[in-house]
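Single-letter residue listing:
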Amino acid sequence: MKVVLENLTKKFPPRGGKGDAVTAVKDFTFEIPDGKLVALLGPSGCGKSTMLNMICGLEKPTEGKIFFGEDDVTEMPPELRGVGMVFQNYALYPHMSVYDNIIFPLGNLKGEEKMTKEQMRERAEKVASLVQIEQLLERKPKELSGGQQQRVAIARALVKTPRLLLMDEPLSNLDARLRLQTREEIRRIQRETGVTTVFVTHDQEEAMSISDMIVVMKDGELHQCGKPQEVYDDPVNLFVAKFLGTPAINVFDGEVKSEKLFIGEDEVLTVSGVRDGKVKVGIRPEGFTYDKSGPLKCKMDRVEVMGRDISIVSKNPACEEPVVRSIIDSDERPEDGTEVATFKLRPGKVHLFEPETGERLRFS
């Protein structure tokens, strides 16, 4: 089922009734394709969870509409929307067994949808097998690890065979290894069920690794959406470029003169089609090639061995951050005692931005 968000805006009244209303989501329009896993990605306070709450019906939009397929569900109560929700804190009932937690939503069905105990058992065992917790059905939540509790929460959301699965930062309470394992499981489960899924996170690595599409948000507004690699390779502005990537993009103060890009005194690249003036220069860590005749000069700080690749940590006065991080092939490793690291740049990994607005400046 596709989901269409049309000009959604959500404003909250000011605390104490004084001052201006707080706009959490602003004029947001987007279509979530049928059967895809879409990540809402952005920093804390950007409106991701508010968006999720409006989709499931826990919050009512101030303006705009929400469509499930062709159905306008903007005014529909949450229990009638056919949505499964997975919360950040799992929200399991501690006095119930895993089995009772899973079937809890089924016990509230009425009329033609009401299920017998045998039907509920069959449904619960099916989803428990899907999330690989079938051997844990008689345990209580306190007897489970964090990853197992998260699987129970996912099973409870899936047991109703929802039209839409919503997940609000479901991995944030897990340690690094469990996060990696569980996000792989979420992707597997989504593919096996084919349910349209919206996954909220502030972790760009999570979003890029499991999503069909990512939606980058800031201050309640949509900045860019698309396939993860496409957004990474072709950011529309400086915010998106900075938010995606580990290690983060290196940002320099630069200047264009006669279609030549300068970082400090170094002429580093030809940027045809860009007018003269100050620019922000974003260079991905993999956009550097270590070369003794390279035009960009940085003061060597140290070399970090990363197995197949190595990371050169250097310094340049034009860089916004204290250090410049460049990832190069281990065969290009500089000699011991090197004081100045010199680089050529890969044009496809270099992005120019307006200094004031952060908007992308494209060059050929």
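Note that the structure is predicted; figures quoted are calculated from it, not measured.

**Q** Report on empty space enclosed by the protein, specifying residues and quantitative values.
**A** Evaluation of the coordinates by the stated rule reveals one cavity of 30 Å³ or more. What the largest cavity holds in volume is close to 30 Å³. Along its surface, the largest cavity is lined by Ile154, Leu165, Met167, Ile186, Ile189 and Gln190. Only β7 (164-168) and α5 (176-193) provide two or more residues apiece to the lining of the largest cavity. Among the elements that take part in the lining of the largest cavity, α5 stands out by supplying three residues, more than any other. Within the lining of the largest cavity, the residues separate by chemical class into five nonpolar, one polar and no charged.

**Q** An account of the packing of aromatic side chains is needed here, citing residue identities and associated values.
**A** Counting across every chain of the model gives four aromatic pairs. The interplanar angle of 50° and the centroid separation of 4.8 Å between the aromatic rings of Tyr93 and Phe104 together place this pair among those described as tilted. One end of the pair, Tyr93, is in the loop between β6 (83-86) and α2 (98-103); the other, Phe104, is in the loop between α2 and α3 (117-130), with eleven residues separating them in the sequence. Geometrically, the ring pair formed by Tyr290 and Phe343 is edge-to-face, given 6.1 Å between the ring centres and 75° between the ring planes. Here Phe343 lies in strand β19 (residues 340-345) and Tyr290 lies in strand β15 (residues 288-290), a separation of 53 residues in the sequence. The pair Tyr290 / Phe343 is uniform in exposure class, with both members buried. The ring of Phe12 has Lys10 lying over it, and the distance from NZ or CZ to the ring centre is 5.1 Å. For Arg284, the ring lying beneath its charged end belongs to Tyr232, and the centroid distance is 4.0 Å.

**Q** Account for helix α4 (residues 146-158), with residues named and values stated.
**A** Taking 1.5 Å per residue, 13 residues should reach 18 Å; α4 reaches 19 Å between its end C-alpha atoms and fits that length. Among the 13 residues that make up α4, eleven are buried, leaving the element largely enclosed by the rest of the structure. Within the span of α4, buried status applies to Gly147, Gln149, Gln150, Arg151, Val152, Ala153, Ile154, Ala155, Arg156, Ala157 and Leu158. Residues of α4 that are buried in the fold lie against β6, α2, α3, β7 and α5.

**Q** Pulling in residues and values, what's your account of α5?
**A** For α5, spanning 18 residues, the distance from its first C-alpha to its last is 26 Å, which sits close to the expected 26 Å at 1.5 Å a residue. Looking only at α5, the buried set comprises Thr182, Arg183, Glu185, Ile186, Arg187, Ile189 and Gln190. On its buried face, α5 is in contact with β3 (37-41), α3, α4, β7, β8 (196-201) and α6 (204-210). For α5, the side-chain oxygen to backbone nitrogen distance between the N-cap and Arg177 is 3.2 Å, and the N-cap itself is Asp175. Among the residues trailing α5, Gly194 stands out with phi positive, at a value near 70°.

**Q** Talk me through the layout of surface pockets; I want residue IDs and the actual numbers.
**A** Taken as a whole, the largest pocket holds about 910 Å³ of empty space. Considering the residues around the largest pocket, the lining is formed by 27 residues, among which Pro78, Glu79, Val83, Pro105 and Lys160 are closest to the centre. Those elements that provide at least two residues to the lining of the largest pocket are β6 and α4. Per-element tally for the lining of the largest pocket: the top contributor is β6, with three residues. Among the residues forming the lining of the largest pocket, the class breakdown is 16 nonpolar, four polar and seven charged.

**Q** Explain the pattern of salt bridges to me, using residue names and the numbers behind them.
**A** Counted under the stated rule, the structure contains 25 salt bridges. Here Lys344 ties to Asp291 by a salt bridge, and the two come within 3.5 Å at their closest N and O atoms. Linking Lys344 in strand β19 with Asp291 in the loop between β15 and β16 (296-306), this pair joins segments that are 53 residues apart in sequence. Exposure remark for Lys344: the relative accessible area of 40% places this residue in the partly exposed category. Put simply, Glu304 and Arg325 hold a salt bridge, and the shortest N to O gap is 3.0 Å. Of this pair, Glu304 sits in strand β16 while Arg325 sits in strand β18 (residues 324-329), and the two are 21 residues apart along the sequence.

Rules behind the numbers
Think of each chain on its own: its residues are numbered from 1, step by step along the sequence as written. It should be noted that, the model being predicted, local features are given only for residues of pLDDT at least 70 and side-chain atom pairs only at 80 or more, the latter also being counted only at that level, while totals for whole chains, interfaces and linings use all residues. To obtain the side-chain values, all non-hydrogen atoms of the structure were included, while hydrogens and water were left out. Using protein atoms alone on a 1 Å grid, points that fit a 1.4 Å probe yet trap it form a cavity, whereas open point sets bounded by protein on both sides within 12 Å along at least five of seven lines form a pocket; residues with an atom within 4 Å of a point count as lining. Grid points are joined across faces, edges and corners, and a volume is the space filled by probe spheres set on the points. In this text, helices come from DSSP runs of H or I with a minimum length of four residues, and strands from runs of E with a minimum of two, each type numbered from the N-terminal end. Under the scheme applied here, ten amino acids are nonpolar (Ala, Val, Leu, Ile, Met, Phe, Trp, Tyr, Cys and Pro), four are charged (Asp, Glu, Lys and Arg), and all others, including Gly, are polar. We call Phe, Tyr and Trp rings a pair once their centres come within 6.5 Å, taking the six-membered ring for Trp, and we label the pair stacked below 30 degrees between planes, edge-to-face above 60, and tilted otherwise. Per-residue accessibility, obtained with a 1.4 Å probe over protein chains only, is compared with the maximum for each type, and a residue is labelled buried under 20%, exposed over 50%, and partly exposed between these values. The criterion for a charge sitting over a ring is simple: Lys NZ or Arg CZ within 6 Å of the ring centre, and within 35 degrees of the ring normal. An expected span of 1.5 Å times one less than the residue number is assigned to each helix. We call two residues in contact whenever any of their non-hydrogen atoms come within 4.5 Å of each other. Residues adjacent in sequence count toward polar contacts only when both atoms are side-chain atoms; beyond that, a polar contact is any pair of N or O atoms within 3.5 Å, and within protein one must be able to donate a hydrogen and the other to accept it. By convention in these notes, a salt bridge is any Lys or Arg side-chain nitrogen within 4 Å of a carboxyl oxygen on Asp or Glu.

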